[in-house]
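# Structural description and commentary
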Amino acid sequence: NAGVTQTPKFQVLKTGQSMTLQCAQDMNHNSMYWYRQDPGMGLRLIYYSASEGTTDKGEVPNGYNVSRLNKREFSLRLESAAPSQTSVYFCASSDRGQAKAFFGQGTRLTVV
Amino acid sequence: QQPVQSPQAVILREGEDAVINCSSSKALYSVHWYRQKHGEAPVFLMILLKGGEQKGHDKISASFNEKKQQSSLYLTASQLSYSGTYFCGTQDTGRIALTFGSGTRLQVQP
């Protein structure tokens with residue numbers, strides 16, 4: 001049982017480059033989320049998708065876009081990476097909003 | 001707005017107890033608690049729903065005072081395995097996503 005799978009696990013980008021972080025869950029969950037984690041800041045919500053076909057902004061959406069490709073997959077895109085986007089990115093999913101969230105293992109992104 | 005967690009860090013000896021607090025300025029529907037070990041993903045501990053309930057999980061329990069928008073996590077007779085960073089995640093009424101606090105770093109020493 002894989003749970004939530006994120007790819008890649010590590011990535012180094014140059015300023016201005018673009019990339020897409022992939023996330024897939026195999027638990028048939030309706031809701032999916034993208035968080036970023038910076039030292040001392042906890043987990044901050046970037047975007048979320050309450051159900052297939054819907055997406056909403058979180059606390060820190062600037063510089064990011066998302067796509068809920070289907071019920072299983074939720075991708076995060078950086079169009080023009082900036083050093084301020086250096087962070088660890090976590091994808092999570094839950095069956096519904098009040099249910100426990102399962103997190104992927106994270107993507108450690110460095111923008112130089 | 002992020003919930004406020006306190007303390008920011010705590011060091012315990014095995015067998016000692018600890019309390020971690022989480023407070024919000026918003027009316028809450030639920031509070032979630034997660035633990036994260038270094039270099040790993042956060043792992044779910046428990047959910048407390050509106051209604052002032054108290055829950056327990058082994059020697060870890062929590063309470064939720066919805067009138068004060070506060071939750072507390074109680075760790076009793078701590079074990080080395082309890083070490084990690086604890087996050088509370090709050091859910092506002094009508095909002096599906098969680099807002100996390102900045103975390104409490106707990107270190108249990110032999």
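Everything that follows concerns the structure shown earlier in this document.
In this report, we go over the structure that sits alongside the text. From a predicted model like this one, the values you see are computed outputs, not experimental measurements. (Residues numbered from 1 in each chain as written. Chains lettered and ligands numbered in written order. Predicted model: local features only at pLDDT ≥ 70, side-chain atom pairs only at ≥ 80, totals over all residues. Heavy atoms only, no water.)

## Quick look at the interface of chain B and chain A
Contacts between the two partners involve 20 residues from chain B, matched on the other side by 23 residues from chain A. Roughly 1700 Å² of surface becomes buried between chain B and chain A when both sides are summed, with 61% attributable to carbon and sulfur atoms. When the area that chain B buries against chain A is broken down by residue, the three leading residues are Pro-42, Ile-96 and Phe-100 of chain B, summing to 29%. If you look at where chain B meets chain A, you find zero salt bridges. Put simply, chain B and chain A have four residue pairs in polar contact (both at pLDDT 80 or more) between them. Sorting the residues of the side of chain B that touches chain A by element identifies β4 (28-36), β5 (43-49), β9 (84-92) and β10 (99-100) of chain B as the ones contributing at least two each. (Contact = heavy atoms within 4.5 Å. Buried area = accessible area lost by both parts, 1.4 Å probe. Salt bridge = Lys/Arg side-chain N within 4 Å of Asp/Glu carboxyl O. Polar contact = N/O pair within 3.5 Å; in protein donor to acceptor, adjacent residues only side chain to side chain. Helix = DSSP H or I, 4+ residues; strand = E, 2+ residues; numbered from the N terminus.)

## Remarks on the pattern of salt bridges
By the definition in use, this model includes four salt bridges over all chains. Between Arg-44 of chain A and Asp-38 of chain A there is a salt bridge whose closest N-O contact spans 2.8 Å. For the salt bridge of Asp-92 of chain B with Lys-26 of chain B, the shortest nitrogen-to-oxygen distance reads 3.6 Å. Separated by 66 residues along the polypeptide, Asp-92 of chain B in strand β9 and Lys-26 of chain B in the loop between β3 (18-23) and β4 bring together distant segments of the chain. Each of Arg-36, Asp-38 and Arg-44 of chain A takes part in a single network of salt bridges with overlapping partners.

## Overview of the layout of surface pockets
The calculated volume of the largest pocket comes to roughly 900 Å³. What lines the largest pocket is a set of 34 residues, among which Gln-37 of chain A together with Gln-36, His-38, Gly-39 and Thr-85 of chain B lie closest to the centre. Secondary structure elements with two or more residues in the lining of the largest pocket: β4 (31-38), β9 (87-94) and β11 (107-111) of chain A together with β9 and β11 (104-109) of chain B. Classifying every residue of the lining of the largest pocket by side-chain character gives eight nonpolar, 20 polar and six charged. (1 Å grid on protein atoms, 1.4 Å probe; cavity = no way out; pocket = protein on both sides within 12 Å on 5 of 7 lines; lining within 4 Å. Points joined across faces, edges and corners; volume = space filled by probe spheres on them. Nonpolar A, V, L, I, M, F, W, Y, C, P; charged D, E, K, R; others polar.)

## Section: the nonpolar core
Judged by nonpolar contacts, the single largest core of 21 residues is most densely connected at Trp-33, Met-46, Leu-73, Leu-75, Tyr-82, Tyr-86 and Leu-106 of chain B. If you look at the next biggest cluster of nonpolar residues, it comprises 19 residues, including Leu-21, Cys-23, Met-32 and Val-66 of chain A. (Core = buried A, V, L, I, M, F, W, Y, C linked by side-chain atoms within 4.5 Å. Buried < 20%, exposed > 50% of the residue type's maximum accessible area, 1.4 Å probe, protein only.)

## Things to note about empty space enclosed by the protein
Considering all chains together, one arrives at one cavity of 30 Å³ or more under this definition. As for the largest cavity, its lining consists of 14 residues, of which Tyr-33, Tyr-35, Ser-94 and Ala-101 of chain A together with Leu-98 of chain B are closest to the centre. Only β4 of chain A together with β4 of chain B provide two or more residues apiece to the lining of the largest cavity. Split by residue class, the lining of the largest cavity holds ten nonpolar, three polar and one charged.

## A word on the sheet that holds strand β3 (residues 19-25) of chain A
Residues and elements named next belong to chain A. As summarised here, the arrangement of the four strands in space is β1-β3-β8-β7, forming an open sheet in which the pairing is antiparallel. Looking along the sheet, the strands with just one partner apiece sit at the ends: β1 (4-7) and β7 (64-68). Taking each pair of neighbouring strands and ignoring which way they run, the sheet shows an average axis angle of 15°. Bridge analysis of β7 against strand β8 (residues 74-78) gives five bridges, and the strand direction is antiparallel. Note on β8: the bridge partner recorded for Tyr-64 is Leu-78. (Pairing = 2+ DSSP bridges. Axes fitted to C-alpha atoms, helices over the stretch in contact; angles between N-to-C directions.)

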